[in-house]
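What follows is the residue order along each chain.
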Amino acid sequence: MEAAAELALRLRAAANDRLARYEPLALVAAPLLALLLARAVHAAAAAVADRGFVALAMAALKLLPGVASYIDAEKKKVVDKLQSGGTSTKNSLRAELPTIGHSDQVIKDLETLKAKDADWQGKCSGTVYIAGSESEGHFELINKAYSMFSHTNPLHQDVFKSVAQLEAEVVAMTAALLGSKEKSSGGQICGNMTSGGTESILLAVKTSRDYMRSKKGITKPEMIIAESAHSAYDKAAQYFNIKVRRVPVNKEFLADVKGFRRCINGNTIMMVGSAPGFPHGLIDPIEELGELASRYDICLHVDLCLGGFVLPFARKLGYPIPPFDFSVKGVTSISSDVHKYGLAPKGTSVVLYRNHEIRKILDIINEFSINLLLVTEWTGGLYVSPTIAGSRPGGLIAGAWAAMMSLGLNGYLENTSRIMEVSKKIQKGIEDIPGLFVIGKPDMTVVAFGSDVVDIFEVNDIMSAKGWHLNALQRPNSLHICVTLQHTSVYEEFLKDLQDSMNTVKANPGPISGGRAPIYGAAGKMPDRGMVRELLVEFMDSSC
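No experiment lies behind these values; they were computed from the predicted model shown.

About the cut-offs
- The written sequence of each chain sets the order in which its residues are numbered from 1.
- Side-chain atom pairs in this predicted model are given and counted only at pLDDT of 80 or more, local residue features only at pLDDT of at least 70, and totals for whole chains, interfaces and linings cover all residues.
- In computing side-chain values, all of the structure's heavy atoms are included and hydrogens and water are not.
- Helix and strand assignments come from DSSP, with helices taken as H or I runs of at least 4 residues and strands as E runs of at least 2, each series counted from the N terminus.
- Throughout, exposure labels follow a simple rule: accessible area from a 1.4 Å probe, protein chains only, divided by the maximum for the residue type, with under 20% read as buried, over 50% as exposed, and the rest as partly exposed.
- Between two residues, a contact is recorded if the distance between any of their heavy atoms is within 4.5 Å.
- To be clear on the numbers: accessible area is Shrake-Rupley with a 1.4 Å probe, and residue cover counts the displayed protein chains and nothing else.
- Two strands are said to pair when DSSP picks up at least two bridges between them.
- Working convention: axes come from line fits to C-alpha atoms, limited for helices to the stretch in contact. Angles between N-to-C directions cover 0 to 180 degrees.
- Any Lys or Arg side-chain nitrogen found within 4 Å of a carboxyl oxygen on Asp or Glu counts as a salt bridge.
- A crossover counts as right-handed when, viewed with the strands pointing away from the observer, the path leading from the first strand over the helix to the second turns clockwise.
- With respect to orientation, any angle under 35 degrees is reported as roughly parallel, any angle over 145 as roughly antiparallel, any angle of 65 to 115 as roughly perpendicular, and every other angle as oblique.
- We call a crossing left-handed when the near helix sits turned anticlockwise from the far one by less than a right angle, and right-handed when that turn is clockwise.
- Throughout, the ten residues Ala, Val, Leu, Ile, Met, Phe, Trp, Tyr, Cys and Pro are labelled nonpolar, Asp, Glu, Lys and Arg are labelled charged, and all others, Gly among them, are labelled polar.
- Throughout, nonpolar core names a set of buried Ala, Val, Leu, Ile, Met, Phe, Trp, Tyr and Cys residues whose side chains join them through atoms within 4.5 Å.

Chemist: Honestly, the overall build of the protein in this entry has me stumped. Any pointers?
Modeler: Tallying secondary structure elements over the protein gives 18 helices and 15 strands in all. Burial statistics for the protein: of 544 residues in total, 44% are counted as buried. In the protein, 71% of the contacts between residues at least 6 apart in sequence involve partners at least 24 apart. Surface accessibility of the protein: about 28,800 Å² in total, with carbon and sulfur atoms responsible for 58%.

Written as structure tokens, this is what we have:
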């Protein structure tokens, strides 16, 4: 013990002798400067990790005289090119109220504007999911239901009790399709209607963030998503200050469970699985993700916005559908759009939670619940709202209820049988076209395809000229068609036009006049993703 004390004294004396040659101010300043330098290096490394070296280099390059103005001019050219398809600009918008109202002219004006829309019947990927004329049949039914309740607002439940009941029934019926009747679900599934898939996703993400904060004390939340997950998760991350860990898909273009596992840490609040994913129509391994979520006690959201009103029926019809709903242990929330294959009016979706604890746990400090906004100190009185919007259109809720009740299980089974059958025919037809390949093994009604022979975006330009509206994808460059009831009578025409378009591009490779292939191709290859974001902002800002 004495030897150790003596050694410590010698070391102190040696250190004092060595430091005696330096000014006291230098001795104080040196560690502070070292700390500042370390923080600067850490910030630089974080910036490179977040934005990438190329993006930072481009930002520095823009500081040079003349570079920024040149880039802005080139961006304007691209935006003008995108506008060439007929997108309205600010210059053509009405900017003031008419001095004297003209109610007798309003409908005629609307008809004139509507006539400028694209011919969407049978020609659009997704977009419109109901078959037939918009003035009869199912269209007429849901429009009538909407008009009956167009004045209602579920915020005023004491006045519009009917709408509150309609919403509760839509939620309950949707939950029953997605496993609420299964013993493994726990029997406490609850939720709300929302304005669409994005709001359902926003609420599910916020709920998971607040739930994990309450349960584990996580204050720097992170969520793990596959690169094929919908862009709404990026929006949720920006809104709610959540770090996104994006995992590349595996060779089958599915969420990579091992990659997800490597990203889990003490700040992880949730993972996301898609059933199916929007780009390629493939169902992520929900069961494996559920096991991972249970093991690490984190939330798992399943995105059924596209598949919620197809997969339950496809499974009943005998299609090999892997587990995807609340019957899977570990699934804590689900989003499902009624306005897609549920054939409800646009603006109707459902967000579901495994139990009331997840939805209702209260943050006492902020008086802000997981999903229910509760305000008790407002001079306007007590206030509660279950969604992002306060006032909501009761007409849409009524339209969704009417759609579900009019179709019933038999109607949805019949519709699913038709679109699944046509989807498989389209998949086979694409595989038979030389030079095209289907991405992955489609589980549902989205068929994505690319080419290793021609520029697939040039094929898309030819298809657009024939009136088709397909979705352009990237990583890899590809297209997809989301098959709806609109396509069941025109799928042969689609395959013929696709074959003809392939032949045209093979015979005359290169972009066509007015085509967007060069823009899509350049955007996919551009290393500075910040530049792509700027282009999108410029395009949006010039359009509305």
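Continuing now.
Chemist: Can you help me understand the sheet that holds strand 2 (residues 222–226) in this one?
Modeler: Pairing between the strands of a sheet comes from backbone hydrogen bonds, and it takes one of two forms, parallel or antiparallel. Spatial strand order, 1-7-6-5-4-2-3: 7 strands in an open sheet with mixed pairing. Sheet topology places strand 1 (190–194) and strand 3 (243–247) at the edges, where each strand pairs with a single neighbour. Within this sheet the neighbouring strands show an average axis-to-axis angle of 20 degrees, counted without direction. As paired strands, strand 4 (residues 268–274) and strand 5 (residues 299–303) are joined by 5 bridges and run parallel to one another.

Chemist: I tried to follow the pattern of salt bridges on my own but got confused; where do I start?
Modeler: Proximity of charged atoms lets side chains of opposite charge pair with each other. Overall, the coordinates contain 14 salt bridges when judged by the stated rule. The shortest N-O distance in the salt bridge between Glu-222 and Arg-245 comes to 2.5 Å. On the criterion of sequence distance, the pair formed by Glu-222 in strand 2 and Arg-245 in strand 3 is long-range, its members being 23 residues apart. Exposure remark for Arg-245: the relative accessible area of 26% places this residue in the partly exposed category. Its salt-bridge partner being Asp-325, residue Arg-315 comes within 3.2 Å of it at the nearest N-O pair. Note that Arg-315 is positioned in helix 12 (residues 311–316) and Asp-325 in the loop between helix 12 and strand 6 (333–337), a separation of 10 residues in sequence.

Chemist: Quick question: what am I supposed to make of the pairing of strand 4 here?
Modeler: Judged by how many residues are buried, strand 4 sits mostly within the fold: 7 of 7 residues are covered. Sheet topology note: the strand 2/strand 4 ladder contains 3 bridges and is parallel. Looking at strand 4, one finds that Ile-224 is bridged to Met-271. The parallel pair strand 4 and strand 5, bridged by helix 11 (residues 286–296), forms a crossover whose chirality is right-handed.

Chemist: I tried to follow the packing of helix 6 (residues 137–148) against helix 14 (residues 394–431) on my own but got confused; where do I start?
Modeler: The description of two helices packed together rests on the angle between their axes and the distance between the axes. Running from N to C, helix 6 and helix 14 cross one another at 140 degrees; their axes reach a closest spacing of 7 Å. Classified by the angle between their axes, helix 6 and helix 14 sit oblique to one another. Note that helix 6 runs across helix 14; the crossing there is right-handed. From helix 6, His-138, Leu-141, Ile-142, Ala-145 and Tyr-146 reach across to helix 14, where they touch Gly-395, Leu-396, Ala-398, Gly-399, Ala-402, Ala-403, Ser-406 and Leu-407. For the contact of helix 6 with helix 14, the class distribution of residues is 9 nonpolar, 4 polar and no charged.

Chemist: So what exactly am I meant to see when it comes to the side chain of Thr-348 here?
Modeler: With respect to the helices, strands and loops of the structure, Thr-348 is situated in the loop between strand 6 and strand 7 (349–353). Sequence-distant contacts of Thr-348, that is, excluding residues within four places in its chain, are made with Met-193, Thr-194, Ser-195, Asp-337, Val-338, His-339, Leu-396 and Ala-400.

Chemist: Any chance you could explain the nonpolar core here in plain terms?
Modeler: Counting residues in hydrophobic clusters, the biggest one holds 93 residues, and the most contacted among them are Val-205, Phe-260, Met-271 and Tyr-341. Here this core gets 9 residues from one element, more than from any other, and that element is helix 14. Those residues within four positions of Val-205 in sequence are excluded, and the remaining contacts are Met-223, Tyr-233, Ala-236, Phe-240, Ile-242 and Met-270.

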